[in-house]
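# Commentary on secondary and tertiary structure
Letter by letter, the chains look like this.
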Amino acid sequence: MSENCTHDCSSCKENCSSRDPKSLIKKPHKKSKIKKVIAVVSGKGGVGKSMTTAMLAASANSKGLFTAVMDADISGPSIPKMFGIKDHAMGGEDGILPVESKYGVKVMSMNVLLDNEDDPVVWRGALIAGTVTQFWTDVVWGEVDYMFVDMPPGTGDVPLTVFQSLPIDGIVIVTTPQDLVGMIVGKAVKMARMMNVPILGIVENMSYLQCPDCGRKLSVFGESSVDALALEYGIPAVAKVPIDQQLTKCADLGKIEELNENYLLNFFDKINDSLK
Ligand code: ADP
């Protein structure tokens, strides 16, 4: 990287290593053929990033696409639970095999490697980042049309390594109405731009609560401003996901693939179209 790096390759004439972000990209396992990789990011934890990842994977899988989820949220993994996965990952002749959900979504997560799923991972960033990279290089993913990467929240060490090491086709940003008015989304947008990764869509989670009696939509966490924001940043796909007990219940019971209503089906279609 140049001494005078502005992190904006479009306005810089230096010919340095960061100009080609693909230079640090690692090769996947020789028996993995992964067509598209989408990273799901959020500015902070608890906004529904894993929920969004799981719903997107369930959407892709329900359309007959070979689907995988890499749970890069090493210190707060929640993907296996949402898919009802209790098995441990097994080692094969060639490497580690992902665990498959009831409907065939392939999952790799720290939780399927730990002896007890409630064991904490008390590791420094570099080790965590190395583990995520190994999820890409050492796991035998096989044929995959869509891999969704559940990123750790924020813009720290691990997301940076993932962006640099994996050939990410685009990102989906998850936020709540509260964060939209703050700077959190702006930071995620800027990080994606610095890494030259397209932003495919934005999900406003916990966007509203629909009254079961009168059907009125209540803006529990403030008025939605996601459409204006998507326009401002030129983000093509937008989804508004309500606070819905069905989502919490299915996630807790490991039945995210059996939702009555998956709010991200159309959103996934848009993303799929934009990547064709
Ligand atoms: P993150 O990955 O951003 O930390 P999670 O996806 O784990 O957040 O969600 C945090 C909690 O909120 C989980 O218990 C999840 O089931 C619940 N949750 C997320 N989104 C919704 C929603 N739209 N309606 C109801 N519960 C939700």
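All values reported here derive from a predicted model rather than from experimental measurement. (Residues numbered from 1 in each chain as written. Predicted model: local features only at pLDDT ≥ 70, side-chain atom pairs only at ≥ 80, totals over all residues. Heavy atoms only, no water.)

## Points about the packing of helix α3 (residues 125–137) against helix α4 (residues 157–165)
Relative orientation of the contacting elements α3 and α4 amounts to 30°, with a least axis distance of 9 Å. What the angle tells us is that α3 and α4 run roughly parallel. The crossing of α3 and α4 is right-handed. Mapping the contact onto sequence places Gly125, Ala126, Ile128, Ala129, Val132, Thr133 and Trp136 in α3 and Asp157, Val158, Thr161, Val162 and Ser165 in α4. The residue makeup of the contact of α3 with α4, split by class, is seven nonpolar, four polar and one charged. (Axes fitted to C-alpha atoms, helices over the stretch in contact; angles between N-to-C directions. Helix = DSSP H or I, 4+ residues; strand = E, 2+ residues; numbered from the N terminus. Parallel < 35°, antiparallel > 145°, perpendicular 65-115°, else oblique. Left-handed = near helix turned anticlockwise from the far one by under 90°. Contact = heavy atoms within 4.5 Å. Nonpolar A, V, L, I, M, F, W, Y, C, P; charged D, E, K, R; others polar.)

## Looking at the pairing of strand β7 (residues 199–205)
Counting buried residues along β7, seven of its seven residues qualify, which places the element largely inside the surrounding structure. Both strand β6 (residues 170–175) and β7 contribute to a ladder of five bridges, which runs parallel. In the sheet register, Thr175 faces β7, and the bridge partner there is Glu204. Bridging between β7 and strand β10 (residues 237–241) involves five bridges; their strand directions are parallel. (Buried < 20%, exposed > 50% of the residue type's maximum accessible area, 1.4 Å probe, protein only. Pairing = 2+ DSSP bridges.)

## Details of α4
The complete set of buried residues in α4 reads Val158, Pro159, Val162, Phe163 and Ser165. On its buried face, α4 sits against β1 (33–42), α3, β5 (143–150), β6 and α6 (184–194).

## Considerations on the packing of aromatic side chains
A full pass over the atoms with the stated rule returns three aromatic pairs. Ring geometry for Phe148 against Phe268: centres 6.3 Å apart, planes inclined by 65°, an arrangement best described as edge-to-face. Of this pair, Phe148 sits in strand β5 while Phe268 sits in helix α9 (residues 265–274); the two residues are 120 residues apart in sequence, bridging distant segments of the chain. Comparing Phe148 with Phe268, the two get one shared label, buried. Taken together, the aromatic side chains of Tyr146, Phe148 and Phe268 make up a single cluster linked through ring pairs. Above the plane of the ring of Tyr208 lies Lys217, whose end atom (NZ or CZ) is 4.6 Å from the centre. (Phe/Tyr/Trp six-rings, centres within 6.5 Å; stacked < 30°, edge-to-face > 60°. Lys NZ or Arg CZ within 6 Å of the ring centre and 35° of its normal.)

## Details of helix α1 (residues 49–62)
Turn by turn, an α-helix covers 3.6 residues, leaving residues three or four places apart pointing in a common direction. With 14 residues, α1 ought to run about 20 Å at 1.5 Å a step, and its terminal C-alpha atoms sit 20 Å apart, in line with that. Most of α1 sits inside the fold, with 13 of its 14 residues counted as buried. Residue Gly64 follows α1 closely and has a positive phi angle near 85°. (Expected span 1.5 Å × (residues − 1).)

## Digging into the sheet that holds β10
Spatially, the eight strands line up as an open sheet ordered β3-β4-β2-β5-β1-β6-β7-β10, and their pairing is mixed. Each edge of the sheet is formed by a strand with only one pairing partner; in this case those strands are β3 (99–100) and β10. Relative to β6, β1 is paired through five bridges, and the arrangement is parallel. From the neighbouring strand, Ile38 faces β6, where its bridge partner is Gly170.

## Some remarks on the site of the ligand
Inspection of the region around the ligand gives 17 residues, with Gly46, Lys49, Ser50, Met51 and Pro242 positioned closest. Contact distances for the ligand include 2.8 Å between an oxygen atom and a backbone N or O atom of Gly46. A distance of 2.8 Å separates an oxygen atom of the ligand from a polar backbone atom of Met51. Contact with the protein chains hides 80% of the accessible area of the ligand, taken as 560 Å² for the molecule alone. Using a 2 Å cut-off from the grid points, one finds that the ligand occupies the second largest pocket. Listing elements by their share of the shell around the ligand, those giving two or more residues are α1 and α8 (245–253). Classifying every residue of the shell around the ligand gives nine nonpolar, six polar and two charged. (Near = heavy atom within 4 Å. Polar contact = N/O pair within 3.5 Å; in protein donor to acceptor, adjacent residues only side chain to side chain. Areas by Shrake-Rupley, 256 points an atom, 1.4 Å probe, with all protein chains shown as cover. 1 Å grid on protein atoms, 1.4 Å probe; cavity = no way out; pocket = protein on both sides within 12 Å on 5 of 7 lines; lining within 4 Å. Sits in = over half its atoms within 2 Å of the grid points.)

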